[in-house]
Amino acid sequence: MRKELIHKRNLWQYKTAITDTSNLSPKFFNFTEFPPYLTAGKNAIKLKINPKYMQIGTPIYIEILDSNGELIYYEVLSKLEDDLSRVISVYVYEDTPSGDAQFTILGTAKMGPNGETVNNSTANVKFNKLITVNQNKRNSSEIIYDDGNKPNVEVIERLIPYQEKVYTTGFEVTQSSGQVSYSNGIITATNFNFKKEMISGSIIIANPNNSYPTSNISQTNVTYSATISEIYNATQARVAPFYTISSSRFDKHNFKKFDASDYVLTYNESGSIQTTENKKSYAYVKFNNLQSDTGDVYRIKANFKSDGETKNQWEQIDDIQVFPTNLMIDSSSNNPLLNYGEITNQTTIDNYYKINSIGGETNTSMSFDSSSLFNSIKTTINQVLSSSQYFYIEPTQSLDFYVGHEYTLNYKSYSKTNVSHSGQPLLEVYASGSAFKNNDSVDNLGKYLTLNSQAGDTRYNQTSVDFIPDQSGNGKIIFKIKSGEWYISDITVKSKTENGFTPNQIVGIFNVPTKYRNDKIDLQFEYYNYNNQQSEVKTEIKNLYFTGSNFYIQGNDNLVTGSTHIGTSTSNGMEMFGNQGGGYIRTHGYTNFITESNASGSGGIIMYSGSADYGSEYGGIGMEMFTPDALHGMYFGSYHGMYQRQGSNEMYHQSGSHILNTIPGNGRGDIIYGYVSSSVGRGTPVSLKGDGTWIAAGTHQSGTPEAPISDTFYSARGIVITSETGSYQPILIRGIFSDVGYSLAPGSIFINDTPGSTGSLAIAPGITYIQKLGAAYSNNVAFFDFLNAPVFSAGTIID
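Quantities reported herein were computed from a predicted structural model and do not represent experimental measurements. (Residues numbered from 1 in each chain as written. Predicted model: local features only at pLDDT ≥ 70, side-chain atom pairs only at ≥ 80, totals over all residues. Heavy atoms only, no water.)

Some points on the overall build of the chain
Counted only if it meets this: Segments assigned H or I by DSSP are reported as helices when at least four residues long, segments assigned E as strands when at least two residues long, and all are numbered from the N terminus. Working definition: with a 1.4 Å probe on protein chains only, accessible area under 20% of the residue-type maximum means buried, over 50% means exposed, and in between means partly exposed. Computed with a 1.4 Å probe, the accessible areas rest on the Shrake-Rupley method; for each residue, only the protein chains presented here act as cover.
Of the regular secondary structure elements, the chain holds 2 helices and 62 strands. The buried share of the chain, taken over its 799 residues, is 47%. Here the chain has roughly 38,200 Å² of accessible surface; of this, 48% comes from carbon and sulfur atoms.

This is the structure in structure tokens:
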């Protein structure tokens, strides 16, 4: 908030018995710090009154006049320095003129410089000193916070995913489609639209057409090269510098316009965002009351300590530069500094703004538009409003405001006349919420800030208004539209600041390299001026609970040559390890196939790849799974099949006879295993899915198909393996049965085999070829390969 002195006393001319002409008045006012010049912002002058010569308890008078003879504001801080010096804070605003300022201080001395007696009934000693005001110098005064005035800090953790940028045509883009014309620094696009990323792009027009006015000077090169400084709408942008040519004699000629011409535009593509699962832990920090009483906070350093560390020392983690930040940000988004005052698309409007009606429902809408104002909210009124009907736009999120702080609202707008309301377009702006007193006697929208109203189509390049909350609280910026069609863009609310003055309220994002998940940490913030001089004031926040960053591995050259455990300790869970060229993942304590299948191990799983020295059975690739008692196990080996084992490396039915004691080869593709229990009634189907088709298996019973239901039932197991889905892909069926005669009748296929022989095949209609390989393994194992996959219907496995 700007501060000014009211009364001017002209102390420079005041007559006193003693005029101290020494450099720093050591006998009287005793300046311990007097800067060589005053910069923009708050400047510190320190003095320690000499009690030997000065009358303690008498008034001190100070006056500072700028080069125009106008008062420069100052304050004397209540805080005493360690050496008991007092601090004078001198305010130099942007409109304070540069040049020599007159500094005068008066007081009451009890003796003269040589110890002589003086009249001490009134101010009798004066010290005058010229000090130069230099607005171009950075403020380098010491950062001092007066007693009771320190920054307030609020910290929350944000886990922010890394957002990878993807470019369609490359980072740097060169464009030449369409043409551009020029008029007084404005270029107009034909057959293309401007994009935000073109701002700061370089545009070259090698041969402007019909440049006006014509030039009489000798032209050696008419190429016009400029930079896009601002985009007005989809087809108009401002460029700099103006189109000017020079002759060999340095004569200059300014062109006001040229017609549509070819161009080359080079700019940096913004790219699209791909959000990854790589999440980093950040401290999202709100600083309030940051402005110091002298000096300017240029940088903030952050330090932290972890509750899990044995050392008790601060460790620096981040360092940010201080600048005014837009308070209209969505801290909960993947981009914690997402500025929703910047209208980038319709989603921004839908998520962060809403329309409210006054005096009855109004048929209005908001849409994203760049035709009149680049990247703006367009308000459309679809009815004629009555004299009592208005509507207003408000953000969906509220902001925090603090009493004693000054804020600045900026926005751009464009208006058009329409029939929605009589009269010229009218836009009023209010600050609404608990932080503001209402002075809108008509619609009670809050504290009036400003208005825009002008007949016809009007562009308001930027409206800027300063405001002060009436009390600490929350609030929103309200755009009240009484008439006209309006376009609004680039809305910002910031702490008001001038050159050299620290913004009172900012948001900072600090990287927190959390070493442990779910850790308690302490954070400390240090404040530095432009010359890297640290303030005595620090802010500490203790016992912050931080979830911490996840562990994210990128790239294809990472290597684990030892063991990595997944679990609560290295003695449980899963283990990943590499050994002599091979890679493994196993449960902790898993031994090997022989031990686990004989029920001698602890059970578990192993997946392996490579030919490392882990065991003779672990060449190639494969996987094993066993329960601790080895009643159930499974093995995927380099034969590309699946084999069910139970007990001593074999599969049993309920009677205890083994039904598989070897590992046949030539398996291919997907694996489906079906099981029919003896408790299932005769003819009850159990569904198996193979080759995209449901297969219904039946029961396994003794005797013949005509045997009574009371006969003994046995387990029946089968495996269906297909290479891929589709009607005519190879399919493999392994029928594995006990030492009894059996038949496999899956729908349209009938296969008969007699134990002890190679068996026989009966080919049903529709199957062109069936190959039997059962004799190659053992008499009680049948291995069937159907080269053309049939569609199975329900069938029954019987003796």
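Text resumes after the structure shown.
Remarks on unusual backbone geometry
Here Tyr 212 and Pro 213 are connected by a cis peptide whose omega angle stands at -5°. With respect to the helices and strands, the residue Pro 213 is situated in the loop between β15 (209–212) and β16 (224–233). Non-glycine residue Ser 200 carries a positive phi angle of around 80°. Although it is not a glycine, Asn 210 sits at a positive phi angle of roughly 55°. With respect to the secondary-structure elements, Asn 210 resides in strand β15.

Some details on the environment of Val 442
The residue Val 442 is located in the loop between β33 (426–432) and β34 (447–453) in this model. Separated by 54 residues in the primary sequence, Val 442 and Ser 388 have C-alpha atoms spaced 9.9 Å apart.

A few points about the confidence of the model for the chain
The predicted coordinates ought not to be read in detail in places where the model reports low pLDDT. Where we set the bar: Each residue gets a pLDDT score, which is the predictor's confidence in that residue and runs from 0 to 100. Any pair of residues with heavy atoms lying within 4.5 Å of one another is described as a contacting pair.
Taken as a whole, the chain shows an average pLDDT of 78; of its residues, 75% reach a score of 70 or greater. Low confidence marks residues 638–799, where pLDDT is under 50. Its contacts with residues over four positions away, or in another chain, come to 336 contacts.

Points about the sheet that holds strand β24 (residues 315–321)
Selection criterion: For two strands to be treated as a pair, DSSP must find no fewer than two bridges joining them. For helices, the fitted axis covers only the stretch in contact; all axes are lines through C-alpha atoms, and the angles between them, taken along N-to-C directions, range from 0 to 180 degrees.
Pairing in this open sheet of 4 strands is antiparallel, and the strands run β24-β23-β39-β40 from one edge to the other. Edge positions in the open sheet fall to β24 and β40 (534–546), since each of these has one partner strand only. Neighbour to neighbour, the strand axes of the sheet diverge by 20° on average, direction disregarded. Where strand β39 (residues 519–528) and β40 come together, 8 bridges link them in antiparallel fashion. The partner of Leu 523 across the bridge, within β40, is Ile 541.

Some points on the nonpolar core
Note the threshold: We define a nonpolar core as any set of buried Ala, Val, Leu, Ile, Met, Phe, Trp, Tyr and Cys residues linked to one another through side-chain atoms lying within 4.5 Å.
If you look at the biggest cluster of nonpolar residues, it comprises 34 residues, and the most contacted ones within it are Tyr 353, Leu 409, Phe 467, Ile 477, Phe 479 and Val 493. No other element matches strand β37 (residues 485–495), which puts 4 residues into this core. Apart from the residues lying within four places of it in its own chain, the contact partners of Phe 467 are Phe 401, His 405, Glu 406, Tyr 407, Thr 408, Leu 409, Phe 436, Leu 449, Ile 477 and Val 493.

Observations concerning the environment of His 7
Tracing the backbone shows His 7 in the segment before β1 (18–20). Residues His 7 and Leu 71, 64 residues apart in the sequence, show an inter-C-alpha distance of 8.4 Å. Apart from the residues lying within four places of it in its own chain, the contact partners of His 7 are Glu 63 and Leu 71.

Notes on the pairing of strand β11 (residues 172–175)
Across the two faces of β11 the burial differs, with Val 173 and Gln 175 buried and Glu 172 and Thr 174 not buried at all. As judged from the 4 bridges shared by β11 and strand β21 (residues 264–268), these two strands associate in the antiparallel manner. Bridge pairing links Glu 172 to Asn 268 in β21.

A word on the sheet that holds strand β38 (residues 506–511)
Spatially, the 3 strands line up as an open sheet ordered β10-β22-β38, and their pairing is antiparallel. Looking at strand neighbours, the two that pair on one side only are β10 (152–166) and β38, the edges of this open sheet. If you compare each strand with its neighbour and ignore which way they point, the axes differ by 35° on average. Summarising the sheet, strand β22 (residues 272–288) and β38 pair through 6 bridges and their orientation is antiparallel. If you follow Phe 287 over to β38, its bridge partner there is Ile 506.

Considerations on the environment of Thr 235
Within the secondary structure, Thr 235 is located in the loop between β16 and β17 (236–240). Discounting chain neighbours no more than four positions away, the residues touching Thr 235 are Ile 187, Thr 188, Ala 189, Phe 192, Asn 193 and Phe 194.

Observations concerning the packing of aromatic side chains
Operational definition: For Phe, Tyr and Trp, rings pair up if their centres lie within 6.5 Å, where Trp contributes its six-membered ring, and each pair is then called stacked (planes under 30 degrees apart), edge-to-face (over 60) or tilted (otherwise).
In this structure the tally under the stated criterion is 34 aromatic pairs. When the centroid spacing of 5.3 Å and the interplanar angle of 75° are considered together, the rings of Phe 192 and Phe 194 count as edge-to-face. Of the two residues, Phe 192 and Phe 194, neither departs from the other in class, the shared state being buried. Where Tyr 340 meets Tyr 352, the ring centres are 5.0 Å apart and the plane angle is 10°; that geometry is what we call stacked. Highlighted residues: Tyr 340 in the loop between β26 (338–339) and α1 (346–352) and Tyr 352 in helix α1, separated in sequence by 12 residues. Of the two residues, Tyr 340 and Tyr 352, both sit in the buried class. Each member of the aromatic cluster is reached from another via a ring pair, and the members are Tyr 182, Tyr 224, Tyr 243, Phe 255 and Phe 258.

Let's talk about the pattern of salt bridges
The following threshold applies: By definition here, a salt bridge exists when the distance from a side-chain nitrogen of Lys or Arg to a carboxyl oxygen of Asp or Glu is within 4 Å.
For the structure shown, the criterion picks out 20 salt bridges. A salt bridge links Asp 400 to Lys 286, with the nearest nitrogen and oxygen atoms 3.6 Å apart. Taken together, the residues span a long stretch of sequence, with Asp 400 in strand β31 (residues 399–401) and Lys 286 in strand β22 at a distance of 114 residues. Assessed through its relative accessible area of 31%, Lys 286 is described here as partly exposed.

As for the side chain of Glu 197
For clarity, the threshold we go by: Here a polar contact means two N or O atoms within 3.5 Å. Within protein one must be a hydrogen donor candidate and the other an acceptor candidate, and residues neighboring in sequence count only if both atoms are side-chain atoms.
Locating Glu 197 in the fold gives a position in the loop between β13 (186–190) and β14 (202–205). Among the polar contacts listed, one links the side chain of Glu 197 to the side chain of Ser 270, at a separation of 2.4 Å.

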